[in-house]
Amino acid sequence: MIFDLIKKNRTLRELIAGIALIAIICEILLLIFTKNRIYNSIGLIIGTLTSLICAVHMAWGIEIAVMLDEKSSIAISRKYTTIRYLLMCVVLVAIGVTDIGSPVTLIFGFLSLKFGAYINPLIHTIITKFFGGDNNK
């Protein structure tokens, strides 16, 4: 089901590519400029994985919401947004309590969802230019 959603939703694939690109850039910077590399990398990886889960969940929620009437659509969108925020809060608290990764880099991993959305037009242009036209929706 998740793979079907990713397969048919071009925008989600581009968002995932953007999240991955931002995470790779952050990881390279962490490896160059920090001393406690594993601790920081674990935080970034967990934050990035959480962002990927949130991106798929968001696309799934949008797919459901567009099939409903306006009132139900707003209600389900709020419910799914709350679930995503709670997931991020739970992950942040878990990292803070267990101290297995850096909470600061965890937040950077969370923000990769936002940055991935911001660079989506660039990712779309690159994918369209190198891998063919817009016919693959």
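Sequence order as written defines residue numbering, which begins from 1 separately in each chain. Predicted model: local features are reported for residues with pLDDT of at least 70 only, side-chain atom pairs are reported and counted for 80 or more only, and whole-chain, interface and lining totals are derived from all residues. Heavy atoms from the whole structure form the basis of all side-chain values; hydrogens and water molecules are not counted.

A. Fine view of helix 6 (residues 120-131). Numbering of helices and strands runs from the N terminus, with a helix taken as a DSSP run of H or I at least four residues long and a strand as a DSSP run of E at least two residues long. Take the number of residues in a helix, subtract one, and multiply by 1.5 Å to get its expected span. Along its 12 residues, helix 6 runs 16 Å from first to last C-alpha, staying within 8% of the 16 Å computed at 1.5 Å per residue. Positioned one or two residues after helix 6, Gly132 has a phi angle of 110°, which is positive.

B. Focus on the packing of aromatic side chains. Stacked, tilted and edge-to-face pairs are distinguished by plane angle, under 30 degrees for stacked and over 60 for edge-to-face with tilted covering the rest, among Phe, Tyr and Trp rings (Trp via its six-membered ring) whose centres lie within 6.5 Å. Following the criterion strictly, the structure yields 1 aromatic pair and no others. Pairing Trp60 with Tyr80 gives two aromatic rings, centres 5.5 Å apart and planes at 10°, and the pair type is stacked. Note that Trp60 is positioned in helix 3 (residues 37-65) and Tyr80 in helix 4 (residues 70-98), a separation of 20 residues in sequence.

C. Molecular detail of unusual backbone geometry. The phi angle at Asp99 is positive, at roughly 55°, despite the residue not being glycine. Inspection of the secondary structure puts Asp99 in the loop between helix 4 and helix 5 (103-118).

D. Layout of the nonpolar core. Think of a nonpolar core as a cluster: buried Ala, Val, Leu, Ile, Met, Phe, Trp, Tyr and Cys residues, connected wherever their side-chain atoms sit within 4.5 Å. Three labels apply to residues, based on accessible area from a 1.4 Å probe with only protein chains included: buried if under 20% of the type maximum, exposed if over 50%, partly exposed otherwise in between. Counting 14 residues, the largest nonpolar core has Leu12, Ala55 and Leu113 as its most contacted members. Elements with a contribution of two residues or more to this core: helix 2 (10-33), helix 3, helix 4 and helix 5. The leading source of residues in this core is helix 3, at 4 residues. We call two residues contacting when some pair of their heavy atoms lies within 4.5 Å. In this structure, Leu113 is in contact with Leu15, Ile19, Ser51, Cys54, Ala55 and Met58, ignoring residues within four places of it in sequence.

E. Layout of a nonpolar patch on the surface. Think of a patch as exposed residues, more than 30% relative accessible area, with no salt bridge, where like charges cluster within 9 Å and nonpolar side chains (Val, Leu, Ile, Met, Phe, Trp, Tyr) cluster within 5 Å. Only the protein chains shown count as cover for residues, with accessible areas throughout obtained via the Shrake-Rupley method and a probe of 1.4 Å. We count a salt bridge whenever a side-chain nitrogen from Lys or Arg sits within 4 Å of a carboxyl oxygen from Asp or Glu. A contiguous nonpolar surface patch, about 690 Å² in accessible area, is contributed by Leu21, Ile24, Ile25, Ile28, Leu29, Ile32 and Phe33. Within the secondary structure, Leu21 is located in helix 2.

F. Local environment of the pattern of salt bridges. Per the stated rule, a full pass over the model turns up 2 salt bridges. Glu63 is the salt-bridge partner of Lys8, the closest N and O atoms lying 3.4 Å from each other. With a gap of 55 residues between them, Lys8 in helix 1 (residues 2-8) and Glu63 in helix 3 connect regions that are remote in the sequence.

G. Region of interest: the packing of helix 3 against helix 5. Direction vectors running N to C along helix 3 and helix 5 enclose 30°, while the axes themselves pass 7 Å from each other. The angle between helix 3 and helix 5 places the two elements in the roughly parallel class. Once helix 3 is placed against helix 5, the crossing between them reads as right-handed. Taking contact as the criterion, the partners of Tyr39, Asn40, Gly43, Leu44, Ile46, Gly47, Thr48, Thr50, Ser51, Cys54, Ala55 and Met58 in helix 3 are, on helix 5, Pro103, Thr105, Leu106, Phe108, Gly109, Phe110, Ser112 and Leu113. Polarity classes work like this: nonpolar for Ala, Val, Leu, Ile, Met, Phe, Trp, Tyr, Cys and Pro, charged for Asp, Glu, Lys and Arg, and polar for all others, with Gly in that last group. Across the contact of helix 3 with helix 5, the residue classes break down as 11 nonpolar, 9 polar and no charged. Where helices are involved, their axes are fitted lines through C-alpha atoms of the stretch in contact, as for all axes, and angles between N-to-C directions lie from 0 to 180°. For classification purposes, angles smaller than 35 degrees are called roughly parallel, those larger than 145 roughly antiparallel, those between 65 and 115 roughly perpendicular, and all remaining angles oblique. Each crossing gets its handedness from the near helix: less than a right angle anticlockwise from the far helix is left-handed, clockwise is right-handed.

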